[in-house]
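Structure assessment
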Amino acid sequence: MTQSAPRTRRGVSGGSVSLADLLFRGSARIAAWLVLALVLGIGLRLALGSAPALARFGPGFLASAEWNAVSERFGALVPLVGTLVTSTLAMLIAVPASFGIAIFVTELAPPLVRRPVAMAIELLAAIPSIIYGIWGLFAFAPFFADHLQPWLTEHLGELPLAGRLFQGPPMGIGVFTASLILSIMVIPFVSSVMRDVFEVVPHELKESAYAMGATTWEVLRHVVFPYTRVGVMGGILLGLGRALGETMAVTFVIGNAHRLSASLFMPGNTISSALANEFTEAVGEMYTSSLVALGLVLFGLTFVVLAMARLLLYRIGRQSGTGRA
Amino acid sequence: MKVLGLYTRRRLANALAMAAAMLSTAFGLLWLVWLLTTLLARGLPWLQLSLLTQATPPPGEAGGLANAIVGSAVLTGGGILLGAPLGILAGTFLSEFSRRSRLSNVIRFTNDILLSAPSIVLGVFVYEVVVVRMGHFSAWAGMLALAVIVVPVVVRTTEEMLRLVPDELREAAAALGAPQWRVIVAVVYRAAFSGILTGVLLALARVSGETAPLLFTALNNQFWSSGLNEPIANLPVVIFQFAMSPYDDWHHLAWAGALLITFGILGLSIASRALSGARGGGRGSRGSRGR
Amino acid sequence: MPGSQDPPLKALSPETGLHHGLPRQRAGAGEIHVMRLRFLVPILLAGTSLMLPTVPAAAEGVTSISVAGATFPYPVYARWAAAYHKRTGVKLNYQSIGSGGGIKQIRARTVDFGASDAPLEPAALREAGLVQFPMIVGGVVPVVNVPGIAPGELHLDGATLAAIFLGRVTRWNDAGIASLNPGLALPDKAITIVHRADGSGTSWIFTDYLSKVSPAWKEAVGRGKAVAWPAGVGGKGNEGVASYVMRIKGAIGYVEYAYALQSHMVHVSLKNRAGRAVVPSQESFQAAAAGADWAHADGFYLVLTNQPGELSWPITGASFILLPRKPDHPKRTTAVLTFLDWAYRNGREMAASLDYVPIPQSVYTLVESRWHETLVTDSGPLFSPANP
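Small disclaimer: the values here were computed from a predicted structure and weren't measured.

**Focus: the overall build of chain A**
Scanning chain A for helices and strands turns up ten helices and two strands. Each helix (α) and strand (β) of chain A, taken in turn from the N terminus, gives the series α-β-β-α-α-α-α-α-α-α-α-α. Dimensions of chain A, computed from C-alpha atoms along their principal axes, come out at roughly 75 × 60 × 35 Å. When each of the 325 residues of chain A is scored for burial, the buried share is 58%. In chain A, 72% of the contacts between residues at least 6 apart in sequence involve partners at least 24 apart.

Rendered as structure tokens:
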């Protein structure tokens, strides 16, 4: 019974519980309930606010690419696709990179280098999103437009199927730039989860593999990765959740175009950048309600991703409950 | 396939994998270096005393960021003052009063949702609930939006830190006749104090850089606000506005402000690290698990 | 959350930015920190008391006015606000979030007045309980970023401009553009359109002009503060459009002239209704506004695009102020009107220095007499024209 604090209903002396106790416990309980109420309140408020738009457009709202304030016809498809594409692309870039970083920090780096590198990567997480945004617009985009994009368009733009992904004028901004910046923002989170998870692998397992002559890579591949599979997934999902909700960095470089393009170099839109750009100015019930509906969709998306992450991480706790000190 | 021996192939695979790992690390560090150098190169030349003494100017005139800096301090301070006590109490509940019940699991789950919720959605929420009700943008609304972001961070860290306090301490205090609230306040809080403080500092670092929720709540102010009932200038929104503008002097101010925010937050993060490191340093080492 | 050992879940979640590694050793008995918790409570109380709500700006001493609205007139409002503050100490906090934002905020009464370049029609005014009147006149100017082209060198007409923005003309050396510019070296570069991402009166004026000169545009897109742009990148505010145009080579956008001036951008010359090629300037804006009949415009609703006149700039527009007809805080509205009156009388040079056209005296006298008639509370009219 050492796992919860002593649940004294009676004071130690045997008397009835004191008023101070009641007050304290009561206020702590209220605080906890408030947290719950807050989250429910947010969901409710968003649902209420979206009701007019959802009532008008129905489930087709998610499939419509229209966004016309004049005719008051709105659809979530463009921002939704933008959010999903940028986040997915960001994860595609960030996950391998994070693996590499985690491997480097846990296995490769000499002790002296380990801490500084780990700290440096974590610094990436501390930098606020708006800084990424202005850096992206002022430093990265021009460089990209002048030096990388023309080369990429020229060499990859002519490929049979995939070529369409790389066409477009060298603006520097667009879906690709936004995804790249997102990936940089997500790397520290994913890599630090991976690092933690790699470090919990019991030494005996690894040492036995080494004793049999395995190379570092083989140990990673056959011992560490399978052992930490679930934790890594959880970390990836956490990173994904973060990428989905990112606003300021994306708003600066995505180009804010309510149009679906095949090309990654063209501008697009995400739910969060649409909200950031248009919310304070949406005139008319349908417009505002459609924007709130977008917010609800985003909230729902992050909810689902987070729930999955927690489920996975919860399972690790159970799975490795016996194997650890 | 037998061109290379099995052993050589394995060594090659290993070498490639390790090379890829190093490249990835270089990739990650490259961005950090580029970012920080850009910040320093574009912001450092414009770091001057007038930043702290003059308010934000209209385009074409000289000025500083004083009202934005103070405004940010007010907003983040207010957000912490509103959110941290609530978070600490809720964390206490989860750790001390209800560690394993169904209810507390639900609360932890919803807390995590709040933690990961996009801050712009929280801004929309506070706009609908506070700004529309009040009838205008205000510093209050901004503080509330930031408080909503602070709460889940503090709940999480407080609970974790309180849990680390060994039950022996609690039991010893109870054995001496202390009522439960006393045990918690006098013993557990004290033991976990620097941990809780670390959590609050981290929350502070997080909200200092938040822009999106402030766009719909505190908005911005060209001048000094004369009260909390008005929109208030703040660094992130000022940086946003100035950076998106076509004016050079605004750009300079934006970069200087960006430099200030970034290094302020980095400083906070390092401080909180030092706090928690100092706490965990002298304790029984993790032995062969080495870190 | 299972137990106190949450293995890979850090003590501080990734979202907080820094993690502290895996489950640490538990606090040893000897390491209780002797921090004075007692001081926390008084400090918290003191801090909270500082946060008590302040009394809202009292009746007589209205020291600050909040505005939300168009980015079109923002440069001149910023100058006026700074000068007015020096003179009277009253702060005018202008949030330039676009005409759409201005209309929305004043409808919700979250600001003291709104500024919009897209005037509300009389019916909409009545329904929203607002009064509207013109404050300043300016011009919307297409700006380009084409290597080798200097300000005023490139000449376009309405139909070509519409074709560009419709996405039908995609390269700078297109035959349509070349035919209007014999002798000008046009590069073979892609045209990137930059439009507004937010609800904008500047867009409203621009699309109104395009609708008038291009039936194709009118049918495909139409006029509005936020339209379904067939192509291009969206910038936030006039500032965002200017910023993108300056950044992207081969870009074309549209901004209020003060922005083009302040940022040294490359404007184009347009063919106006009379068939003449004109460049944007205070004179050409004034020529377009000269024929405006404000006295007979219901709710002062007037659109100044594509006006006749040899010298008229075809994309001229007025920027309007929106006030509540029955204000909740009459003293604040009086403060607003006092400022506006000051701007009408004393702000003319500042406006002219940015190439805006100040409203002529005959018109603002008319406007002020309307204030006197329509903005009346139980204690009398909120403003009397004789006020200094």
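The discussion continues.
**Overview of the overall build of chain B**
Across its full length, chain B carries eleven helices and zero strands. Reading the helices (α) and strands (β) of chain B from amino to carboxyl end gives α-α-α-α-α-α-α-α-α-α-α. Its C-alpha atoms give chain B a radius of gyration of 24 Å, clearly above 19 Å, the size a compact globule of 291 residues would have. Within the span of chain B, comprising 291 residues, buried residues form 63% of the whole. Pairs at least 24 residues apart make up 72% of the contacts formed inside chain B by residues separated by at least 6 positions.

**Quick word on the interface of chain B and chain A**
Where interface size is given, it is often the accessible area lost as the parts come together that is meant. Counting residues at the interface gives 85 residues for chain B and 91 residues for chain A. With both chains or domains summed, chain B and chain A bury close to 8200 Å², and 77% of this area falls on carbon and sulfur atoms. Linking chain B with chain A are three salt bridges, by the criterion used here. Here chain B is connected to chain A by nine residue pairs in polar contact (both at pLDDT 80 or more). Tallied by class, residues from the side of chain B that touches chain A come to 54 nonpolar, 17 polar and 14 charged.

**Side note on the side chain of C:Q282**
Checked against the element boundaries, C:Q282 lands in helix 11 (residues 282-290). Among the polar contacts made by the side chain of C:Q282, one reaches the main-chain carbonyl oxygen of C:Y356 at a distance of 3.0 Å.

**Some thoughts on the pattern of salt bridges**
Counted according to the given criterion, the structure contains 22 salt bridges over all chains. A:R195 is the salt-bridge partner of A:E122, the closest N and O atoms lying 3.0 Å from each other. Of this pair, A:E122 sits in helix 3 (residues 111-126) while A:R195 sits in helix 5 (residues 175-199), and the two are 73 residues apart along the sequence. Taking relative accessible area as the criterion, A:E122 reaches 3% and is therefore assigned buried. Each member of the salt-bridge network shares a partner with another, and the members are A:R310, B:D112 and B:R156.

**Let's talk about the confidence of the model for chain A**
Residue and element names in this part refer to chain A. Of all residues in chain A, 92% have pLDDT values of 70 or greater, and the mean over the chain is 86. Across chain A, the element-wise mean pLDDT spans from 82 in strand 1 (residues 67-68) up to 94 in helix 2 (residues 77-108). A low-confidence stretch, residues 11-15 (pLDDT under 50), is modelled with three contacts involving residues beyond four sequence positions or located in other chains. pLDDT under 50 marks residues 321-325. Its contacts with residues more than four places away, or in other chains, come to six contacts.

**Regarding the pairing of strand 6 (residues 192-196) of chain C**
Residue and element names in this part refer to chain C. A large share of strand 6 lies buried, amounting to five of its five residues. Relative to strand 8 (residues 251-256), strand 6 is paired through two bridges, and the arrangement is parallel. Bridging across to strand 8, T192 finds its partner in A251. In the sheet, strand 6 pairs with strand 7 (residues 233-235) via three bridges, with the strands oriented parallel. In the strand pairing of strand 7, R196 is matched with G235.

**Considerations on the packing of aromatic side chains**
Each aromatic ring pair is summarised here by two numbers: the centre-to-centre distance and the angle between the ring planes. Scanning the model with the defined rule gives 50 aromatic pairs over all chains in all. Judged by centre distance (5.6 Å) and plane angle (90°), the ring pair of B:F27 and B:W31 falls under edge-to-face. Remark: B:W31 and B:F27 occur in helix 1 (residues 6-43); sequence separation between them is four residues, near one turn of the helix. You can call B:F27 partly exposed: its relative accessible area is 25%. Here the aromatic residues A:W135, A:F140, A:F143, A:F144, A:F166, A:F176, A:F265, B:F27, B:W31 and B:W34 are joined through ring pairs into a cluster of three or more. In this arrangement the basic side chain of C:K104 is found over the ring face of A:F279, its NZ or CZ atom lying 5.0 Å from the centre.

**Considering the nonpolar core**
Ranked by internal contacts, the top residues of the largest apolar core, which has 279 residues, are C:W80, C:F133, C:F165 and C:I252. Setting aside residues up to four positions removed in sequence, C:I252 forms contacts with C:V143, C:V144, C:L156, C:L161, C:I164, C:F165, C:W172, C:I191, C:T192, C:I193, C:V194 and C:V245. Among the nonpolar cores identified, the runner-up in size contains 28 residues, and A:F24, A:V35, A:L36 and B:F93 belong to it.

**Things to note about the sheet that holds strand 5 (residues 155-156) of chain C**
Residues and elements named next belong to chain C. Pairing in this open sheet of three strands is mixed, and the strands run 5-10-11 from one edge to the other. Both outer strands of the open sheet, strand 5 and strand 11 (277-278), are each paired with one neighbouring strand and no more. Relative to strand 11, strand 10 (residues 269-271) runs antiparallel, the two sharing two bridges. Paired with L270 across the strands is V278, a residue of strand 11.

**Points about the packing of helix 3 of chain A against helix 5 of chain A**
All names here are of chain A. Between helix 3 and helix 5, the least distance of the axes is 7 Å, while the angle of their chain directions is 135°. In terms of their interaxial angle, helix 3 and helix 5 are classed as oblique. When the axes of helix 3 and helix 5 are compared, the crossing they make is left-handed. Each of A118, I121, E122, L124 and A125 in helix 3 lies in contact with helix 5, whose residues at this interface are I184, P188, F189, S191, S192 and R195. When its residues are assigned to classes, the contact of helix 3 with helix 5 shows seven nonpolar, two polar and two charged.

**Here's the deal with helix 4 (residues 102-116) of chain B**
The end-to-end C-alpha separation of helix 4 of chain B is 22 Å, in line with the 21 Å expected for 15 residues at 1.5 Å each. Those residues of helix 4 of chain B that sit buried are B:S104, B:I107, B:R108, B:T110, B:N111, B:D112, B:I113, B:L114, B:L115 and B:S116.

**So, the environment of B:S116**
Residues and elements named next belong to chain B. Mapped onto the secondary structure, S116 falls in helix 4. The exposure class assigned to S116 is buried, which follows from its relative accessible area of 15%. Residues S116 and V153, 37 residues apart in the sequence, show an inter-C-alpha distance of 9.8 Å.

**Considering a nonpolar patch on the surface**
All names here are of chain B. Together, L40, L44, L47, L260 and F263 line one region of the surface with nonpolar side chains, adding up to about 390 Å² of accessible area. For L40, the location among the structural elements is in helix 1. Relative accessible area serves as the criterion here: at 35%, L40 is assigned to the partly exposed category.

**Considering the environment of A:M266**
Tracing the chain through its elements places A:M266 in the loop between helix 8 (248-253) and helix 9 (271-278). When the C-alpha atoms of A:M266 and A:P170 are compared, they prove to be 9.0 Å apart, with 96 residues separating the residues in sequence.

**A closer look at helix 7 (residues 201-213) of chain C**
Counting along an α-helix, one turn takes 3.6 residues, and residues three or four places apart therefore face a common direction. All names here are of chain C. Relative to the 18 Å expected for 13 residues at 1.5 Å per residue, helix 7 spans 18 Å between its end C-alpha atoms, a close match to the ideal helical length. Counted residue by residue, helix 7 has eleven buried out of 13 residues, so it is predominantly covered. Those residues of helix 7 lying buried are G201, T202, S203, W204, I205, F206, T207, D208, Y209, L210 and S211.

**Some points on the environment of A:A76**
Residues and elements named next belong to chain A. Here A76 shows up in the loop between strand 2 (73-74) and helix 2. Separated by 122 residues in sequence, A76 and F198 place their C-alpha atoms 40 Å apart. Once residues within four sequence positions are removed from consideration, A76 is found in contact with F61, L62, S64 and L294.

**Some remarks on the packing of helix 4 (residues 129-156) of chain A against helix 5 of chain A**
Residues and elements named next belong to chain A. Contact geometry of helix 4 with helix 5 gives a least axis separation of 11 Å together with a crossing angle of 130°. Considered as vectors, helix 4 and helix 5 are oriented oblique to each other. For the pair helix 4 and helix 5, the crossing hand works out as right-handed. Between helix 4 and helix 5, the residues in contact are S129, Y132, W135, G136, F140 and F144 and F176, T177, L180, I181, I184 and M185, respectively.

What counts, and at which threshold
Residues numbered from 1 in each chain as written. Chains lettered and ligands numbered in written order. Predicted model: local features only at pLDDT ≥ 70, side-chain atom pairs only at ≥ 80, totals over all residues. Heavy atoms only, no water. Helix = DSSP H or I, 4+ residues; strand = E, 2+ residues; numbered from the N terminus. Buried < 20%, exposed > 50% of the residue type's maximum accessible area, 1.4 Å probe, protein only. Contact = heavy atoms within 4.5 Å. Rg over C-alpha atoms; globule rule 2.2 N^0.38 Å. Buried area = accessible area lost by both parts, 1.4 Å probe. Salt bridge = Lys/Arg side-chain N within 4 Å of Asp/Glu carboxyl O. Polar contact = N/O pair within 3.5 Å; in protein donor to acceptor, adjacent residues only side chain to side chain. Nonpolar A, V, L, I, M, F, W, Y, C, P; charged D, E, K, R; others polar. pLDDT = per-residue confidence, 0-100. Pairing = 2+ DSSP bridges. Phe/Tyr/Trp six-rings, centres within 6.5 Å; stacked < 30°, edge-to-face > 60°. Lys NZ or Arg CZ within 6 Å of the ring centre and 35° of its normal. Core = buried A, V, L, I, M, F, W, Y, C linked by side-chain atoms within 4.5 Å. Axes fitted to C-alpha atoms, helices over the stretch in contact; angles between N-to-C directions. Parallel < 35°, antiparallel > 145°, perpendicular 65-115°, else oblique. Left-handed = near helix turned anticlockwise from the far one by under 90°. Expected span 1.5 Å × (residues − 1). Patch = residues over 30% accessible without salt bridge, like charges linked within 9 Å, V, L, I, M, F, W, Y side chains within 5 Å. Areas by Shrake-Rupley, 256 points an atom, 1.4 Å probe, with all protein chains shown as cover.

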